[in-house]
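Coordinate analysis (summary)
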Amino acid sequence: MLDINKIRADFPILSRKVNGQPLVYFDNAATSQKPQQVIDKIVEYYTQYNANIHRGVHALSQEATDLYEASREKCRAFFNIPTSRQCLFTSGNTHSINAVASGAHVFVNQGDEVIVSAVEHHSNIVPWQMLCERVGAHLKVIPVLDNGQLDMNAYQNLLNARTAFVVVNHISNALGVTNPVKEIIAGAHKHQAKVLIDGAQSCGHMKVDVQDLDADFYTMAGHKMCGPTGIGLLYGKEDALLALPPYQGGGEMIDQVTFEHTTYAGLPHKFEAGTPNIAGGIALGAAVDYLNEIGMEHIAAYENELLVYGTEKIKNIPGAVIYGDVKDKAAVISFNVENLHPYDIGTIVDKLGIAVRTGHHCAQPIMDRYQIAGTVRASFAFYNTKEEIDVMVQALQRAVNMLS
């Protein structure tokens, strides 16, 4: 379905060498690489129409504003967000989560409960701990089964009249397991609780329809969907966004300012204080165009091929243990080799030009659940190949031989 050689030619970094070896980039869960089309948009902005947006009457400002807002519309359509008012630009997924958590006291009262899962990234744990500390609420945790899936029976038992907010990632960055978010959302809504879904790992790897999911908030990371760093998205249902107080104060997010009282602008500008990452926002639109041209269904299918192939290859390494080895998951393989430290493995394969991630992946609680210090994580994207997986497996075998 995909012309992989043509796709790889769009990504300049894939032609470089690391330590004298062709780069094999398997750290896509941390950040995706950027096609030339996205890079060109960043250069174009700074060389052709660099100006602040929404404020100037001159030609450059109007050009930049039109392109920035056109990018918002592309993102709105990409995630099936009902209106552009509900498609907010942020500096990234962490910013999006904090923007909600900082104002969530309007939904969470003293004595209420906030539910998170044991497989969350720290950015979807710490802001909610801070919220609970501020308002006197209680943090509850959905436990994880041995196979890395959420214990949905335990989740249903956690839900009660005091449940005010539920926050869960769509796909685990540490394990790659896809969570049953529609079921989670439906269960929370039966108790009138709000729901935020962390879509950092899903937004560039599967088709996401926020209206179909019915989450109150959904967050996205631009740099994980072939866009630049420093740009993200926050979707919210309109009534929830209207109720949420602004996260930051400053220019652009106001209606009227006096020393006695300030009124805020309407959506989305209420949450977009200050000069934004204009180049990043425009380039994110180019990334959306690129993903649409390939097709998210084709991307998901091909990445699943890589997942199945890589899983079988790694299982053939003596002593290899894969965490989250379930059917419903993204193209992420998180594993260890018995009696070997993941950092040592990662260091050796790096010398052979292979980029994998090692450690707890900012998800320390799930590592504690398995009583391990961390894992080696190989995460694939649609520009990777089975031949690259073969190279990685050979390097892993070499590392095991050296360290055993």
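Residues numbered from 1 in each chain as written. Predicted model: local features only at pLDDT ≥ 70, side-chain atom pairs only at ≥ 80, totals over all residues. Heavy atoms only, no water.

Moving on: the pattern of salt bridges. All chains considered together, the criterion is met by 17 salt bridges. Here E113 and R162 are joined by a salt bridge, their closest N and O atoms 3.2 Å apart. With E113 in strand β5 (residues 113-117) and R162 in the loop between α6 (152-158) and β7 (163-169), this residue pair connects regions lying 49 residues apart in the sequence. Using a relative accessible area of 6% as the deciding quantity, one classes E113 as buried. In this structure R162 comes out as partly exposed when scored by relative accessible area, which is 45%. One salt bridge in this structure joins K182 and D212, with 3.2 Å as the shortest N-O distance. Highlighted residues: K182 in helix α7 (residues 181-189) and D212 in helix α8 (residues 210-213), separated in sequence by 30 residues. For K182, a relative accessible area of 44% gives the class partly exposed. Judged by its relative accessible area of 44%, D212 is partly exposed. (Salt bridge = Lys/Arg side-chain N within 4 Å of Asp/Glu carboxyl O. Helix = DSSP H or I, 4+ residues; strand = E, 2+ residues; numbered from the N terminus. Buried < 20%, exposed > 50% of the residue type's maximum accessible area, 1.4 Å probe, protein only.)

What follows concerns the domain arrangement of the protein. Parsing the protein into structural domains produces domain 1 (4-27 + 296-403) and domain 2 (40-293). Here domain 1 and domain 2 have C-alpha centroids that lie 28 Å from each other. Counting residues at the interface gives 29 residues for domain 1, matched by 28 residues for domain 2. Here D146 and R369 are joined by a salt bridge, their closest N and O atoms 2.6 Å apart. Our count for the contact surface shared by domain 1 and domain 2 stands at 15 residue pairs in polar contact (both at pLDDT 80 or more). Elements represented by at least two residues in the side of domain 1 that touches domain 2 include exactly α11 (296-315), β14 (332-337) and α13 (364-370). Per-element accounting of the side of domain 1 that touches domain 2 gives the leading share, six residues, to α13. (Domains from an automatic or database assignment. Contact = heavy atoms within 4.5 Å. Polar contact = N/O pair within 3.5 Å; in protein donor to acceptor, adjacent residues only side chain to side chain.)

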